[in-house]
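Analysis of the macromolecular model
The primary structure of each chain is shown beneath.
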Amino acid sequence: MTSVINTSTDTGGPYDRLIKRDKVHGSLYTDPAIFDQELRKIWYRTWVFVGHDSEVAQPGDYVRKRLGLQDVIMTRDRDGELHLLLNRCAHRGNQVCDDVKGNASAFRCPYHGWTYRNNGELVGFPFFKGYGERKLDLALGRVPRVDSYHGFVFGSFATEGPALLEHLGAASGELDRLAQLSPEGRVELTAGWLQHQTRANWKLLAENETDGYHPQFVHGSIFGVTGSTIGPLYSDSSTAVTRDLGNGHSENDLRPEFRKFAEPMRWFGTTESRVPDYVAAMRAKHGQDAERILIEGAPHVMIFPNLFIAEIQVFNIQPVAVGDCVQYSTAVQLVGAAELNRRMVSQCVGSVGPAGMLLADDTEMYERNQAGLASLTPEWVDVRRGLNRERVDENGFTIGGATDETGMRGFWRRYKSLMEAT
Amino acid sequence: MTTVVSTQMGLGPVPQEFDRHAVEQLLYREARLADEGDYDAWEALWTDDALYWVPVGGEGGDPQQQMSVVYDNRNRISTRLKQLRTGKRYAQAPASNLRRLLSNIEFLGGRENADGGVDLEVGANFLVIESRSRGMRLWGGRTTYRLRRRDDDILLAYKKVVLVDNDQPLPTLGFLI
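All figures in this text were calculated on a predicted structure; none of them were measured in a lab. (Residues numbered from 1 in each chain as written. Chains lettered and ligands numbered in written order. Predicted model: local features only at pLDDT ≥ 70, side-chain atom pairs only at ≥ 80, totals over all residues.)

**A closer look at the overall build of chain A**
Counting its regular elements, chain A contains 12 helices and 23 strands. For a compact globule of 422 residues, the expected C-alpha radius of gyration is about 22 Å, and chain A comes in at 23 Å, within 12% of that figure. Dimensions of chain A, computed from the C-alpha atoms along their principal axes, are close to 75 × 60 × 40 Å. By the burial criterion, 47% of the 422 residues in chain A qualify as buried. A sequence separation of at least 24 residues applies to 61% of the contacts in chain A between residues at least 6 apart. (Helix = DSSP H or I, 4+ residues; strand = E, 2+ residues; numbered from the N terminus. Rg over C-alpha atoms; globule rule 2.2 N^0.38 Å. Buried ≥ 20, exposed ≤ 12 C-beta atoms within 10 Å, placed from the backbone. Contact = placed C-beta atoms within 7 Å.)

**Notes on helix α12 (residues 406-420) of chain A**
The end-to-end C-alpha separation of α12(A) is 22 Å, in line with the 21 Å expected for 15 residues at 1.5 Å each. When α12(A) is considered as a whole, its buried residues turn out to be Thr406(A), Gly407(A), Met408(A), Arg409(A), Gly410(A), Phe411(A), Trp412(A), Arg414(A), Tyr415(A), Lys416(A) and Met419(A). (Expected span 1.5 Å × (residues − 1).)

**A look at the confidence of the model for chain B**
Confidence in the prediction for chain B averages 95 pLDDT; 95% of positions are at 70 or higher. Reported confidence for the predicted complex is 0.95 by ipTM and 0.95 by pTM. (pLDDT = per-residue confidence, 0-100.)

**Looking at the sheet that holds strand β8 (residues 115-117) of chain A**
Residues and elements named next belong to chain A. Across the sheet, three strands lie side by side as β7-β8-β9; this open sheet has antiparallel pairing. In this open sheet, the two edge strands, each paired with only one partner strand, are β7 (106-108) and β9 (122-124). Adjacent strand axes in the sheet meet at a mean angle of 35 degrees, parallel and antiparallel pairs treated alike. Looking at chain direction, β8 and β9 are connected through two bridges and run antiparallel. Pairing of Thr115 across the sheet is with Gly124, part of β9. (Pairing = 2+ DSSP bridges. Axes fitted to C-alpha atoms, helices over the stretch in contact; angles between N-to-C directions.)

**As for the domain arrangement of chain A**
In many analyses, interface size is given as the accessible surface area lost on bringing the parts together. When its domains are assigned, chain A resolves into domain 1 (56-149) and domain 2 (170-420). Once you take the C-alpha centre of each, domain 1 of chain A and domain 2 of chain A turn out to be 35 Å apart. (Domains from an automatic or database assignment.)

**Quick notes on the interface of chain B and chain A**
Each side of the interface is counted separately: chain B has 30 residues, and chain A has 34 residues. When residues of the side of chain B that touches chain A are traced back to their parent elements, those giving at least two are β2 (68-73) and α3 (74-85) of chain B. No other element matches α3(B), which puts five residues into the side of chain B that touches chain A. Across the side of chain B that touches chain A, the residue classes break down as 12 nonpolar, 11 polar and seven charged. (Nonpolar A, V, L, I, M, F, W, Y, C, P; charged D, E, K, R; others polar.)

**Here we look at the sheet that holds strand β4 (residues 118-132) of chain B**
All names here are of chain B. On the basis of which strands lie adjacent, the open sheet formed by six strands has the order β2-β1-β6-β5-β4-β3 and mixed pairing. Either end of the sheet is taken by a strand with one partner, and the two such strands are β2 and β3 (97-112). Between one strand and the next, the sheet's axes are offset by a mean angle of 20 degrees, whatever the strand orientation. Relative to strand β5 (residues 135-150), β4 is paired through 13 bridges, and the arrangement is antiparallel. Of the residues in β5, the one forming a bridge with Leu127 is Gly140. Those strands touched by α3 are β1 (46-55) and β2, and its axis lies near 75 degrees from that of β1.

**Topic: the pairing of strand β4 (residues 70-76) of chain A**
All names here are of chain A. Along β4, six of the seven residues are buried, which leaves the element largely enclosed by surrounding structure. Relative to β4, strand β3 (residues 61-67) runs antiparallel, the two being bridged by six bridges. Residue pairing for β4: Arg64 is matched across the bridge by Ile73. From the end of β3 to the start of β4, which pair antiparallel, there are two residues, and Gly68 there has a positive phi angle of about 60 degrees. Relative to strand β5 (residues 82-86), β4 is paired through five bridges, and the arrangement is antiparallel. Note that in β5 the partner of Met74 across the bridge is Leu84.

**Structural notes on α3(B)**
Across its 12 residues, α3(B) extends 16 Å between first and last C-alpha, which sits within 8% of the 16 Å expected from 1.5 Å per residue. Every buried residue of α3(B) is listed here: Ile77(B), Arg80(B), Gln83(B) and Leu84(B). End-on view of α3(B): buried residues confined to an arc of 125 degrees, all on one side of the axis. Buried residues along α3(B) sit against α6 (220-226) of chain A together with α2 (39-43), β1 and β2 of chain B. Once α3(B) finishes, Gly87(B) follows within two positions and takes phi at roughly 75 degrees, a positive value. (Arc of directions from axis to C-beta.)

**With respect to the pairing of strand β15 (residues 249-253) of chain A**
All names here are of chain A. Of all five residues that make up β15, five are buried, and the element is covered over most of its length. Neither face of β15 is left uncovered, since the one carrying His249, Glu251 and Asp253 and the one carrying Ser250 and Asn252 both have all their residues buried. As defined by bridge partners, strand β14 (residues 241-246) adjoins β15 across five bridges and the pair is classed as antiparallel. Bridge pairing in β15 places Gly246 opposite His249.

**Points about the nonpolar core**
By size, the foremost hydrophobic cluster in this structure holds 145 residues, and its most contacted members are Val50(A), Met74(A) and Met67(B). The leading source of residues in this core is strand β6 (residues 153-163) of chain B, at seven residues. Counting contributing residues, this core receives three or more from each of domain 1 (56-149) and domain 2 (170-420) of chain A. Residue contacts for Met67(B): discarding those within four places in its chain leaves Ala191(A), Gly192(A), Trp193(A), Leu194(A), Thr330(A), Ala331(A), Val345(A), Cys348(A), Val349(A) and Val56(B). (Core = buried A, V, L, I, M, F, W, Y, C linked by C-beta atoms within 7 Å.)

**Focus: unusual backbone geometry**
Cis geometry is adopted by the peptide bond preceding Pro305(A), which originates at Phe304(A) and carries an omega value of 0 degrees. Position of Pro305(A) relative to the elements: it lies in the loop between β16 (300-303) and β17 (307-310). Between Ala93(B) and the following residue, Pro94(B), the backbone shows a cis peptide bond with an omega angle of 5 degrees. Within the fold, Pro94(B) resides in the loop between α3 and β3. A positive phi is found at Phe127(A), a non-glycine position, where the angle reads about 60 degrees. With respect to the secondary-structure elements, Phe127(A) resides in the loop between β9 and β10 (145-149). In this structure, Asp151(B) is a non-glycine residue whose phi angle is positive, near 55 degrees. Its place among the elements puts Asp151(B) in the loop between β5 and β6. Under the C-beta neighbour-count criterion, Asp151(B) is labelled exposed, with 5 such atoms within 10 Å.

**Overview of the environment of Gly372(A)**
Residue and element names in this part refer to chain A. Tracing the sequence through the fold places Gly372 in helix α11 (residues 359-372). Given 11 C-beta atoms within 10 Å, Gly372 falls into the exposed group. For the pair Gly372 and Met357, spaced 15 residues apart in the sequence, the C-alpha separation amounts to 23 Å.

What follows is the structure, given as structure tokens:
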């Protein structure tokens, strides 16, 4: 298949002909050449969410992760420092780590016994006389920049570039909001991850995460039978807003709806009488401010390109091929909130993953989208919804209605600038 | 690597009041009702304290603290089936075409239940062939059932489905496995 990218035309950037203000070209989801460029220009350059530092709580802990197509070992060394090591022996490319997680001070390649410390250093290799020396100038590959925010670990393959906080921009405030829901101000991701294979381009997922237009339709089956209060949050008359947070990040800000009801814990589908110890701990910690925090609840934010936090659920999207990706999902765990944590696991298990009563239906839509995009016409995917009523909020962010495609347009602006960067 | 079935912990002797033929017929019927999407008849097999569990990562950890593909009590089984019956559970609308085989049926022992009786624990291997528009898929693994006698009937109190590939990314599992 020939790529439709043509870098020789247009006065603007090469993606001008594929990404318009109100529509994007279908080939962006189906062209393998574009996917290859995305790996280089997005996945192996910008900050990408990898995992959480609570998954490697103790020195020596490690867990296998994906970053783009890379098989990455997230380790914590004996000094407590985090590393993202590439699972490839510097000798002949074999994988040095085959367990999905564990605790080890070193990784030993099964092929010829080369051994690496969990910070990536080569510590030894058998029969050194064949090299004429005991030390070699070799090590495991690594993701050169690793940083975390509230324990959410990100990696960037660019040795230089914007700092993580600069990349997160306004989205860091959403992670603050999440952490603030812990009486100790700490989030953990310790419930393990479901892995949901998805035969669709990763961007269909990223776009859908703050699409407030689909829930009533895709999730009508579950809202209807459970009497869920989620549906009205995304109705035509909802006061919630979709916010372009900049840098490709976006959110469905549901706080206006929760403020209307002004009921603590309504965001979690419960009442304070059901979780009295938690509410008491939050009031002790936050005083006057507790009421607001307990009413406003958790964020619903998509952090470019692959971290999605849907209140109590966390998703890590990783691409596999142009039409194939994996969604990793787990439950938020709030330190000091025992009453909430089991409920969060239970709700999350009911909602997400291959059999989830929400996500299985989203995923069915992603896969049907991908199949539909194989059709030759009308060529474009429309993202104009809400352009007629967008406005700028008091902090300078573009906002649309609860069901508007404001978040998607922010995603594509960021995508285009990264893909056109040299 | 195949995980050792660890469900034999806490098991007593096989209770006497279960006829092997009757038990097999129940398991085959449960399989057929799931294959054919006969949700009402399938739901009627369960006890009120039912648990339907599809763990990940081998046998799974503590299901109250670790993620599972499915961890349904009786109430959530009911919700899952209500959603399926709407006809708008898109992950299963249109429904998958399914047929499954059960084999290696073993009576593993007896397990005390909350009613003070003893449930029969049965293990079996299974293979499901699923056809959807995305293609054919084989699902295989080991199921542990707990069966309870009530008068002349045998009911299903527990079904744990350990997929052989539950340590890998799994596609959407919209049907009853």
